[in-house]
Amino acid sequence: MSTISLHDTHNHDNHDDHGHHKETFLTKYIFSQDHKMIAKQFLITGIIMAVIAMGLSILFRIQLAWPDKNFPILETFLGEWAAGGRIKPDFYLALVTIHGTIMVFFVLTAGLSGTFSNLLIPLQLGARDMASPFLNMLSYWFFFSACVIMMSSFFIQTGPASAGWTIYPPLSALPTAIKGSGMGMTLWLISMVLFVASSLMGGINYVSTVLNMRTKGMDLWKMPLTIWAFFLTATLGILSFPVLVAGVVLLVFDRSFGTSFYLSDIVMGTQVLPNEGGSPILWQHLFWFLGHPEVYIVIMPALGISSEIISVNSRKPIFGYHAMVYSLIGITILSFIVWGHHMFITGMNPLLGGVFMITTLIIAVPSAVKTFNYLATLWRGNIRFTPAMLFAIGLVSFFISGGLTGIFLGNAALDINLHDTYFVVAHFHLVMGSAAIFGMLAGVYHWFPKMFGRMMSNKLGYLHFWLTFISAYLVFFPLHFLGLDGVPRRYYAFTEFEFMQKWLTVNVFVTWSAIMGALAQVAFLWNFFYSIFKGKRAPQNPWEANTLEWTAPVEHLHGNWPGEIPTVYRWPYDYSKPGAEEDFIPQTIPFSQTMSSNMPHDFEGNSESERIQREWEEQEAAAKKAKLD
Amino acid sequence: MVQSIKQEELGIQFKAKKFIIWLFVVSSTIMFGGWTSYYIVFSASKGKGHGIVLPELFIYSTVVLLVSSAFLFLASKAFKNGNYSSQKLFLSITILLGITFGVLQVDAWGSMVRTGAFFSNNNAAISLIYVVSGFHILHIFAGICLVFSALMGAYKEIPLQRRIYRMEIASIFWHFIDILWIYLYVFLLLNS
Ligand code: HEM
Ligand SMILES: [Cu+2]
């Protein structure tokens, strides 16, 4: 009895120091400082942005497949930009630019890290909330504003930015260069500055929370791989995003204050511009110093999520836990010294190119280690094919097929031919556009019960998976062959070039596949939004998983656990442990309750525990013997 | 027992928040690192630096900033010894010196403009002097706000734990921007 009342008072205390006595609609749903609500905000915003960006891609796929057909309906929706029912070249460039920007930054950076780091870091580590809930809230609202500003560029006369998601100058530095270089580019830059601020606030918070707020017993080597991945991703962001800010600031000055950081010797029409001495290559250095780590910022959380899901649903410990962590660390470090592989053809010193080539090929090693570990975890597992599991396996598949082409591109000699062709497009859509998205979807299916307290429909999940999986391969695989044939990316009309015309039929095929893929997402959207309100109620631990989030009650409380935060005694991957009663042992179960399944290495050399275990085993053996006699 | 749990959780919360400032310091360092790397690559490839004599005012402002850091240090010491009135005095002096630093920096820009080294310039290295010193002033502004909040905490006598926290945050940040400026100044001196 006394313990109960103790917990009760503690509970109240807790509410006091969070100062959340009366929650209004505004503080609960809008300006929430609760990490679980912020996670949902990130997720839903991310999904909306993903749908928009997908829509944009269908628009330019239509142009690519039928460059000289008219679709009057396009004019109805897009007006000027599709006058006569055909998308204009300017607008085509705007479409690819905004599609790329939204997908890379808003969906796969903010949508992915923002959702799952926010949801899982406190819940899997046993913390009441983030280090700074306020900063966390601010992070979401900066992100939201960034989204709004980016989208607002569709409502101005000159249209959105059009220089590609990498916004290379001079196209991005001269407001009069093309239509999209004007106001659209300005909005892009403002939006990105807000976005980076949001990412930094989020990332700093995640790192501080992981390092300072773990519950009792949760040492670094007991953290689930999800947390390792989010932690290293956030670190990567903190170390690389500021460089993008530095670059963007200089770009803004070039655009509006007449400096020459990136500009030199430019003639516009008949007018010679006064700028001299700058170099657009310097932008590329600054951009890719962020840009390459960015691609790992996108994939690492997805890898972490699949590690967890694959282990849970194979009912097996993850294969090579330490190797997984060290690979993530290796990727984090190496990703800072490979950016040059995006710039092999900028006239870089071949020796330097050689160095970047070697570092790039080395980064394939930890990537391969992770892949083999996934396969080894699956090997002879007791697999439960939940939708989350299918998506996680899908990630592995795409990561392999996309990673292989990375190795081609990483060779400077091959890249001279392949750079800026559809081969690159195929590479990064497999590894990022498919693998990372699959990781994110896997996470949504797996943690939906934790987020909304309800289950998603499995049937729709399977339908969604198979359609998406097949169409992703149908869309992106053929693009490799275009690239090998030298077809450049970002070209408006394949009919304009002799050698590209033969690819038109392939383009039609790809576009139809893309439309199928897009329609498949309807199954997901329906499943997602319907289940939020009408899904089956979720049990507390629907997947029989070990990690801490499943020890928290289904209803969300501010502070996550009523009473004390649980203590952690073991690593998160005790699945199918020989001698155990069930095929999973949550992290909160002390070894004293699982005497029959303890292994010598569980005690990490603690001789007292080893002695107790030994005595127990002797007793047990004696008892057995007595029974036999 | 209940009290001690609460205290413990609160302590962790402060520790984590202090860590946030450190991480901010890291990312801010990297932003300036981005600019100085730009400078290095730029001057290596063009074979020229900013090529001007930096304004003398930068020497004065540097000294002012160093002294302000010293006063902040004294303020922390006074605070630890429970000498709250000198703490307040030293904090106020820090703020005043911070403002003086800002004014001197702007003056320094003025003298650069007078010698013809404009911001909008065909030598990007010169423009970069304005960029780094300008963004440094933004940091000074943020730093002044933090020192001010420590000062307000001292005046309003908010709970001790939170006063300690504010003092620590202000100190970390202020000493950081002090060192940051010295780095930038020395960098610009060496790479002319
Ligand atoms: C096995 C590891 C990988 C290697 C060796 C590799 C190598 C490369 C190389 C050399 C390029 C430059 C191609 C060119 O522009 O000519 C490239 C482009 C790209 N990679 Fe990878 N990559 C790897 C994994 C990844 C991953 C995991 C992601 C993202 C999740 C990714 C995303 C991208 C993107 C987005 C681009 C294109 C950027 C652009 O020009 O728009 N790569 N990759
Ligand atoms: Cu790269």
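Residues numbered from 1 in each chain as written. Chains lettered and ligands numbered in written order. Predicted model: local features only at pLDDT ≥ 70, side-chain atom pairs only at ≥ 80, totals over all residues. Heavy atoms only, no water.

This brings us to the interface of chain A and chain B. Taken residue by residue, the interface counts 45 residues in chain A and 33 residues in chain B. Contact between chain A and chain B buries roughly 3200 Å² in total, counting both sides, with carbon and sulfur atoms accounting for 72%. Linking chain A with chain B are zero salt bridges. Linking chain A with chain B are eight residue pairs in polar contact (both at pLDDT 80 or more). Every element with two or more residues in the side of chain A that touches chain B is listed here: α1 (2-18), α6 (133-152), α7 (183-212), α8 (225-256) and α9 (280-314) of chain A. Broken down by element, the residue count for the side of chain A that touches chain B peaks at nine residues, all from α8 of chain A. Looking at the side of chain A that touches chain B residue by residue, the class counts come to 26 nonpolar, 14 polar and five charged. (Contact = heavy atoms within 4.5 Å. Buried area = accessible area lost by both parts, 1.4 Å probe. Salt bridge = Lys/Arg side-chain N within 4 Å of Asp/Glu carboxyl O. Polar contact = N/O pair within 3.5 Å; in protein donor to acceptor, adjacent residues only side chain to side chain. Helix = DSSP H or I, 4+ residues; strand = E, 2+ residues; numbered from the N terminus. Nonpolar A, V, L, I, M, F, W, Y, C, P; charged D, E, K, R; others polar.)

Residues and elements named next belong to chain A. Protein coordination of the iron atom of ligand 1 is limited to a single donor, His427 (NE2), which sits 2.1 Å from the metal. A spacing of 4.6 Å is found between the iron atom of ligand 1 and the copper ion (ligand 2). Within the secondary structure layout, His427 lies in helix α14 (residues 422-452). (Donors = N, O, S within 2.8 Å, 3.2 Å for Na, K, Ca; no water.)

This part takes up the packing of helix α3 (residues 35-65) of chain A against α14 of chain A. Packed helix pairs are specified by the crossing angle of their axes together with the interaxial distance, meaning the distance between the axes. Residues and elements named next belong to chain A. The contact between α3 and α14 brings their axes to 13 Å, and the two run at 145°. Note on packing geometry: the crossing formed by α3 with α14 is left-handed. Across from Lys40, Leu43 and Leu64 in α3, the residues of α14 making contact are Tyr422, Met440, Val444, Met451 and Phe452. Partitioned by chemical class, the residues of the contact of α3 with α14 number seven nonpolar, no polar and one charged. (Axes fitted to C-alpha atoms, helices over the stretch in contact; angles between N-to-C directions. Left-handed = near helix turned anticlockwise from the far one by under 90°.)

Our next topic: the domain arrangement of chain A. All names here are of chain A. Segmentation of chain A into domains returns domain 1 (26-278) and domain 2 (548-628). Taking only C-alpha atoms into account, the centre of domain 1 sits 45 Å from that of domain 2. Each partner contributes residues to the interface: domain 1 has 21 residues there, and domain 2 has 22 residues. Summed over both sides, the interface of domain 1 with domain 2 buries roughly 1700 Å², with 53% coming from carbon and sulfur. Looking only at domain 1, the three residues that lose the most surface to domain 2 are Leu123, Arg128 and Lys222, adding up to 39% of its buried area. Our count for the contact surface shared by domain 1 and domain 2 stands at zero salt bridges. Applying the counting criterion to the domain 1 and domain 2 interface returns 15 residue pairs in polar contact (both at pLDDT 80 or more). (Domains from an automatic or database assignment.)

Let us now look at the site of ligand 1. All names here are of chain A. Taken together, 22 residues form the shell around ligand 1, and within it Trp165, Asp415, His419, His427 and Arg489 come nearest. Contacts to ligand 1 include His419, whose side-chain N or O atom sits 2.7 Å from an oxygen atom. At six residues, the largest contribution of residues to the shell around ligand 1 is made by helix α12 (residues 387-410). Taken together, the residues that form the shell around ligand 1 break down as 12 nonpolar, eight polar and two charged. (Near = heavy atom within 4 Å.)

All names here are of chain A. Where α8 contacts helix α10 (residues 321-334), the axes come no closer than 10 Å and their chain directions differ by 10°. Put simply, α8 runs roughly parallel to α10. Residues Leu225, Trp228, Ala229, Leu232 and Leu236 of α8 lie in contact with α10, whose contacting residues are Tyr321, Met324, Val325, Leu328, Ile329 and Thr332. Per-class residue counts for the contact of α8 with α10 are 10 nonpolar, one polar and no charged. (Parallel < 35°, antiparallel > 145°, perpendicular 65-115°, else oblique.)

A few words on the coordination of the copper ion (ligand 2). All names here are of chain A. Every protein donor of the copper ion (ligand 2) is accounted for by His292 (ND1), His341 (NE2) and His342 (NE2), and the metal-donor separations fall at 1.9 to 2.1 Å. The sequence pattern formed by the donor residues of the copper ion (ligand 2) is H-x48-H-H. Residue His292 is classed as buried on the basis of its relative accessible area, which comes to 5%. (Buried < 20%, exposed > 50% of the residue type's maximum accessible area, 1.4 Å probe, protein only.)

The next point concerns the confidence of the model for chain B. Residue and element names in this part refer to chain B. Summary statistics for chain B give a mean pLDDT of 91 and a share of 96% for residues scoring 70 or more. Here helix α1 (residues 2-46) stands out as the element of chain B with the lowest mean pLDDT, 85, in contrast to helix α2 (residues 57-80), whose mean of 96 is the highest. Across the interfaces of the predicted complex, the ipTM metric reaches 0.93, alongside a pTM of 0.92. (pLDDT = per-residue confidence, 0-100.)

Residue and element names in this part refer to chain A. Mapped onto the elements of the fold, Met440 is located in helix α14. Separated by 69 residues in the primary sequence, Met440 and Thr371 have C-alpha atoms spaced 17 Å apart. Excluding residues that lie within four positions of it along the chain, Met440 makes contacts with Leu43, Val107, Leu108, Gly111, Leu112 and Phe116.

With that settled, consider a nonpolar patch on the surface. All names here are of chain A. A surface patch of nonpolar side chains, about 630 Å² in accessible area, is lined by Phe372, Leu375, Ile400, Leu404, Ile407, Phe408 and Leu414. The element that contributes the greatest number of residues to the nonpolar patch is α12, accounting for four residues. For Leu375, the position within the fold is in helix α11 (residues 350-378). For Leu375, a relative accessible area of 38% gives the class partly exposed. (Patch = residues over 30% accessible without salt bridge, like charges linked within 9 Å, V, L, I, M, F, W, Y side chains within 5 Å. Areas by Shrake-Rupley, 256 points an atom, 1.4 Å probe, with all protein chains shown as cover.)

This brings us to the pattern of salt bridges. Residues and elements named next belong to chain A. Overall, the coordinates contain 14 salt bridges over all chains when judged by the stated rule. Across the pair Lys36 and Asp34 runs a salt bridge whose closest N-O atoms are separated by 3.2 Å. A relative accessible area of 11% means that Asp34 is categorised as buried. Note that Lys502 and Asp485 form a salt bridge whose closest N and O atoms lie 3.2 Å from each other. Of the two residues, Lys502 is situated in the loop between α16 (498-501) and α17 (504-534) and Asp485 in the loop between α15 (458-484) and α16; the sequence distance between them amounts to 17 residues.

So, on to the environment of Pro562 of chain A. Residues and elements named next belong to chain A. Relative to the helices and strands, Pro562 resides in the loop between α17 and α18 (607-628). Assessed through its relative accessible area of 45%, Pro562 is described here as partly exposed. Linking Pro562 and Ala552, residues 10 residues apart in sequence, is a C-alpha distance of 8.2 Å.

To continue, consider the packing of aromatic side chains. Residue and element names in this part refer to chain A. Counting across every chain of the model gives 80 aromatic pairs over all chains. For the ring pair Phe253 and Phe257, a centre distance of 5.4 Å and an interplane angle of 70° mean the geometry is edge-to-face. The exposure class assigned to Phe253 is buried, which follows from its relative accessible area of 16%. Taken together, a centroid distance of 5.4 Å and an interplanar angle of 15° make the contact between Phe391 and Tyr445 stacked. (Phe/Tyr/Trp six-rings, centres within 6.5 Å; stacked < 30°, edge-to-face > 60°.)

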